[in-house]
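Chain residues, written in single-letter form:
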Amino acid sequence: MVRMRATLAVLAVVLAAGCSAPGSDSEDAGSDSGPIKIAVVDAQSGQLSSLGAWELKGARLAVDEWNAQGGVNGRQIQLDVFDDQGDPTIGTNLARKIDSEGYIAMIGTAESAVTIAMAPLLKQAEIPNITSGQSPGLVATKSEFLFLNGPTSTTYDETLAKHIVDQEGIKSIAMITNNGGYGKGEHDAFLKALRSRGVTPLADQVVTADQKDFSAVLTSIRQKNPKVIFLGAEEVESGLIVKQARDLGITATFAGAAPQGTPVFIDTAGAKNAEGAIVSSPYLSNDIDEASKKFAAAYKAKFNEEAELHGAKAYDGTQILLTALKTSNVASGKQLADAIRATKHDGLLGDFAFDETGVGIFETSIGVIKGGKLVAAES
Amino acid sequence: MQVFLQTIVGGVSLGAVYALVALGFSLVYRTMGLVNFAHGNVVTVGAYLASTFYLSTKLPFALAMVVAIVVTGAIGLVIERVLRPLENKDFDLMLIGTIGFGIVLDALIIMIWGATGRAVPSPVQTAPIDLFGLRIRTYDLVVLAIAALATVLLVLFLSRTKRGAAMQAVAMDHEAATAVGIHVGRSNAIAFMIGAGLAALAGGLVGPLLYVSPALGGALGIKGFAAAILGGFGSIPGAILGGLAIGILDSFTAGHFQGYSELVTFLVFTVIIMVRPTGIFGERTVNRA
């Protein structure tokens, strides 16, 4: 009987959410019975699916930990996955779907372009969204419902430029970025960081996001003989660039932000080719402190694979969301967004303190790929 | 000059792969008058099979390729068998049928191998050849040699064997071919099988050059299809020339137009097709619709 009543209650919530006009106040979605519905929107297929898979694992781990301890205010958290295929069009459709199905918050996506496309719809629907994207374009959407679970490209690339130009004294730098959402952000941020130091890149080459052959671009860079080549592209494409560059006899060191520290990048490029790459990342390894060791152990136990940056970011983001749900007494819409903004979280990436742009972390560290693994740089 | 030549070298190796994909498209088209929209997905299946046997069961690369070609060839037979009742009855349904098979294969790939993809180390470990500052990957030469060999074998099969001649006859006039006792269905089945085998060859060869993921076949399929059209849909030499042309064109636009390279590639393609709608070799004899 109790079970039936619960089913009816869930049904009522679903119906109520389903009947409300699109974009209308979704206050009703966060009603006070049944599980709390949180959506994970990420690429589960396509070239960006490894990002989506890591992110899902990080979020799943956080939610399972909370559920094991009784959930939030005695309510279990229900985490549902939606595949955006890394495609902004599918992303906007999913934004409408999670609104109409009564999800009160969203984790994802890992691809800036998709998140930027979804942001206006989520803002209208008043669904807070914690993304793993890092493009400055996310901040430019000016949505008070959009939060980043890591630093923006500006922070990544400022730290990188500081290390390469100021500390190592290297000024002979070439850039290869792609014209996707992430690559564009990296291009602008790194170029700005170089310009502020009075450095002009030897080459500034742009490639398309699904390009496979980089001979022309790399050969013209080879003639300029730079010491460092900056990469602003996702894992697989960056890996292909490095592999082809080494085949063309380019010996320069590669540098980049988060994607260049991932196992997918190292595998695609080949460990030997990726050796020595300089990476700017807020999460270099699993052995930084007690919290990261505990996280890595739990991650390994649950998914039987090594934890890495993207899982850690999603874990932090999900922890912040769940903490905000607890402090706000399971609020939704604007109230939940305000609660997230007010949450101070001592996470794996550092101490989160959100400003009005939705960014909570403002520093990264420099790592180097050694023997196929990312390790902290000696300075 | 060095950039110019290196760009050609880079374009040729992927061009050879596009040519193999285009061959599969053309072979099915000339025999059945059908565009096999599942072709790109068959390429992905081939790439996964080859890399699985190479990486997991540690077969030698060549043997892994052979196994992949045989298995994908069988998949081609299945596709043809399912579509056979529609042959010469409802052309549109057959087209939709191939699209459907594409979606099924895509889903199967994700169910079996997951969505993440894998990197395949090159089976040829020797350093690239340095020719007056021009770097040529040894593996690229292997790809070119295999593509050339496959083409020669295909042409010999079509022109010198009885079965091949029968397929040519079906391509020219399937009713007349039936009248002289040629089994049209069997002919179609062989075309689908060889087409799928060529797709597996392309997928398997491209694995070590790129990254094997469920999205692999989509990009190769579109470029391969464009190559087949450019060369003259249905023409065997056209597919080869079209593939190399698309590869080199792509490589050059990437160098000159950077972020807009894809746009320029397809603009140039459109202009060529407008000037010469039948493609370079202008065969396009088959029209059964």
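Definitions and cut-offs
- Residues numbered from 1 in each chain as written.
- Chains lettered and ligands numbered in written order.
- Predicted model: local features only at pLDDT ≥ 70, side-chain atom pairs only at ≥ 80, totals over all residues.
- Heavy atoms only, no water.
- UniProt positions renumbered as here; feature names shortened; annotations may be inferred.
- Pairing = 2+ DSSP bridges.
- Helix = DSSP H or I, 4+ residues; strand = E, 2+ residues; numbered from the N terminus.
- Axes fitted to C-alpha atoms, helices over the stretch in contact; angles between N-to-C directions.
- Contact = heavy atoms within 4.5 Å.
- Buried < 20%, exposed > 50% of the residue type's maximum accessible area, 1.4 Å probe, protein only.
- Core = buried A, V, L, I, M, F, W, Y, C linked by side-chain atoms within 4.5 Å.
- Domains from an automatic or database assignment.
- Phe/Tyr/Trp six-rings, centres within 6.5 Å; stacked < 30°, edge-to-face > 60°.
- Lys NZ or Arg CZ within 6 Å of the ring centre and 35° of its normal.

- For chain B, the name recorded in an unreviewed UniProt entry is Branched-chain amino acid ABC transporter permease, with Paractinoplanes deccanensis as its organism.
- The record in UniProt for chain B states the following under Sequence similarities (unreviewed entry): "Belongs to the binding-protein-dependent transport system permease family. LivHM subfamily."
- According to the UniProt record, the Subcellular location (unreviewed entry) comment for chain B is "Cell membrane".

- By the naming in an unreviewed UniProt entry, chain A goes by Branched chain amino acid ABC transporter substrate-binding protein and is assigned to Paractinoplanes deccanensis.
- Quoted verbatim from the Sequence similarities (unreviewed entry) field of UniProt, the annotation for chain A is "Belongs to the leucine-binding protein family."

**Looking at the sheet that holds strand S5 (residues 146-148) of chain A**
All names here are of chain A.
Right, so step 1: Taken in spatial order, the five strands of this open sheet run S2-S1-S3-S4-S5, and their pairing is parallel. What marks the edges here is a single partner per strand, and that holds for strand S2 (77-83) and S5. In this sheet, neighbouring strand axes are inclined to one another by 25° on average, regardless of whether the strands run parallel or antiparallel.
Right, so step 2: Alignment of strand S3 (residues 105-108) against strand S4 (residues 129-131), held across two bridges, turns out to be parallel. Looking across to S4, one finds that Met106 is bridged to Asn129.
Right, so step 3: Taken strand by strand, helix H3 (residues 88-100) contacts strand S1 (36-42), S2 and S3, and its axis lies near 150° from that of S2.

**Notes on the pairing of strand S8 (residues 228-232) of chain A**
Residues in a regular strand point their side chains to alternate faces of the sheet.
All names here are of chain A.
Right, so step 1: Among the five residues in S8, five count as buried, and that is most of the element.
Right, so step 2: Bridge analysis of strand S6 (residues 173-178) against S8 gives five bridges, and the strand direction is parallel. Counted as the bridge partner of Ile176 is Leu231 from S8.
Right, so step 3: Sheet topology note: the S8/strand S9 (residues 253-256) ladder contains four bridges and is parallel. Within the sheet, the bridge partner assigned to Ile229 lies in S9 and is Phe254.

**Thoughts on the nonpolar core**
Right, so step 1: Ranked by internal contacts, the top residues of the largest apolar core, which has 150 residues, are A:Ile38, A:Ile176, A:Phe295, A:Leu321, A:Leu325, A:Ile340 and B:Leu20.
Right, so step 2: For this core, the domains that each give at least three residues are domain 1 (2-151 + 289-353) and domain 2 (153-281) of chain A.
Right, so step 3: In this structure, A:Ile38 is in contact with A:Ile77, A:Gln78, A:Leu79, A:Asp80, A:Tyr103, A:Ala105, A:Ile107, A:Leu321, A:Leu322 and A:Leu325, ignoring residues within four places of it in sequence.
Right, so step 4: The next biggest cluster of nonpolar side chains, apart from the first, holds 19 residues, and it includes A:Leu160, A:Ala161, A:Leu194 and A:Phe230.

**Notes on the packing of aromatic side chains**
Where two aromatic rings form a pair, the distance of their centres and the angle of their planes describe that pair.
Residue and element names in this part refer to chain A.
Right, so step 1: Tallying each qualifying case throughout the model produces 17 aromatic pairs over all chains.
Right, so step 2: Both rings, one in Phe295 and one in Tyr315, keep their centres 4.8 Å apart while their planes meet at 45°; by these two values the pair is tilted. Within this pair, whereas Phe295 is found in helix H12 (residues 290-303), its partner Tyr315 is found in helix H13 (residues 309-327), the two being separated by 20 residues in sequence. Comparing Phe295 with Tyr315 shows no difference in burial state: the two are buried.
Right, so step 3: One aromatic cluster is present, built from ring pairs that chain together Tyr283, Phe295, Tyr299, Phe303 and Tyr315.
Right, so step 4: Lys37 extends its terminal NZ or CZ atom over the ring of Tyr103, reaching a point 4.7 Å from the ring centre.

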